Amino acid sequence: MSHELRTPLNAILGMTEGLQERVFGPLNERQTNALSTIERSSTHLLTLINDILDLSKVEAGQMELYLVATSVPALCQTSLSFIRQQALKKKIQLHTEIPPNLPEIVVDERRINQVLINLLSNAVKFTPPEGTITLKVEVLKPDPRSRRILLSRRSALP
């Protein structure tokens, strides 16, 4: 199943790259912008396919998280870039409220990015034209009554 889903999408990404590199001739600015949108959307679709395949791993008890130190502002900007075109079409203004000097967080970056993209896509979908969406980041004080859950991954060294 993985092969049947990924192969055609990788062909689209490959052709897009060839067009962007002007292998088939010159492009005007509108065509270049359209190719960028195709590339971003195709990459996003590939991520969704990978997520669907990951769900089957979760069900089989074989899911692995890839935890890395991640910049919160960079994560937010990456997620916003995926929905920016949709917002522009509806004349929706995008704002961010991100405090300075945030520490990095340790997360599975691809999965957190997908969560943010899904939330932002819903915000665009349900915001009326000419509205405003604000992505706000807050540092919360720990609640002593809450319990922490630590996710870890063990790996065997050769």
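Relevant structure appears above.
Scope of this entry: the structure provided in the associated data block. (Residues numbered from 1 in each chain as written. Predicted model: local features only at pLDDT ≥ 70, side-chain atom pairs only at ≥ 80, totals over all residues. Heavy atoms only, no water.)

### A look at the overall build of the protein
Piece 1. Looking only at helices and strands, one finds 4 helices and 4 strands in the protein.
Piece 2. Tracing the protein from N to C terminus, the helices and strands come up as α-α-β-α-β-β-α-β.
Piece 3. In terms of overall size, the protein is more extended than a compact globule, its C-alpha atoms giving a radius of gyration of 19 Å where 158 residues would be expected to give roughly 15 Å.
Piece 4. Counting only C-alpha atoms, the protein reaches 60 × 50 × 30 Å along its principal axes.
Piece 5. Across the 158 residues that make up the protein, the buried fraction comes to 23%.
Piece 6. When contacts within the protein are restricted to residue pairs at least 6 apart in sequence, those whose partners lie at least 24 apart make up 80%.
Piece 7. In the structure as shown, the protein presents an accessible area of about 11,900 Å², 58% of it carried by carbon and sulfur atoms.
Piece 8. Side-chain charges in the protein split into 19 positive and 16 negative, and the spacing between the mean points of these groups amounts to 5 Å. (Helix = DSSP H or I, 4+ residues; strand = E, 2+ residues; numbered from the N terminus. Rg over C-alpha atoms; globule rule 2.2 N^0.38 Å. Buried < 20%, exposed > 50% of the residue type's maximum accessible area, 1.4 Å probe, protein only. Contact = heavy atoms within 4.5 Å. Areas by Shrake-Rupley, 256 points an atom, 1.4 Å probe, with all protein chains shown as cover. Lys, Arg positive; Asp, Glu negative; His and termini not counted. Charge placed at Lys NZ, Arg CZ, Asp CG, Glu CD.)

### With respect to the pattern of salt bridges
Piece 1. Considering all chains together, one arrives at 2 salt bridges under this definition.
Piece 2. Asp108 serves as the salt-bridge partner of Arg111, at 2.4 Å between the closest nitrogen and oxygen.
Piece 3. On the basis of relative accessibility, which here comes to 8%, the residue Asp108 falls in the buried class.
Piece 4. For Lys136, the salt bridge identified is with Glu138, shortest N-O distance 3.4 Å. (Salt bridge = Lys/Arg side-chain N within 4 Å of Asp/Glu carboxyl O.)

### Observations regarding the packing of helix 2 (residues 29–59) against helix 3 (residues 72–89)
Piece 1. Here helix 2 crosses helix 3 at 125°, and the two axes come no closer than 11 Å. Of the possible angle classes, the one that applies to helix 2 and helix 3 is oblique. Helix-helix and strand crossings are classified by hand; for helix 2 and helix 3 the assignment is left-handed. Between helix 2 and helix 3, the residues in contact are Thr37, Arg40 and His44 and Ser81, Phe82 and Gln85, respectively.
Piece 2. Considered class by class, the residues forming the contact of helix 2 with helix 3 number 1 nonpolar, 4 polar and 1 charged. (Axes fitted to C-alpha atoms, helices over the stretch in contact; angles between N-to-C directions. Parallel < 35°, antiparallel > 145°, perpendicular 65-115°, else oblique. Left-handed = near helix turned anticlockwise from the far one by under 90°. Nonpolar A, V, L, I, M, F, W, Y, C, P; charged D, E, K, R; others polar.)

### Notes on unusual backbone geometry
Piece 1. A positive phi angle, near 65°, is found at Arg22, a position not held by glycine.
Piece 2. Structurally, the position occupied by Arg22 is in the loop between helix 1 (2–20) and helix 2.
Piece 3. Residue Arg22 is classed as partly exposed on the basis of its relative accessible area of 38%.
Piece 4. One non-glycine residue, Lys91, lies in positive phi territory at about 55°.
Piece 5. Mapping Lys91 onto the fold places it in the loop between helix 3 and strand 2 (93–97).

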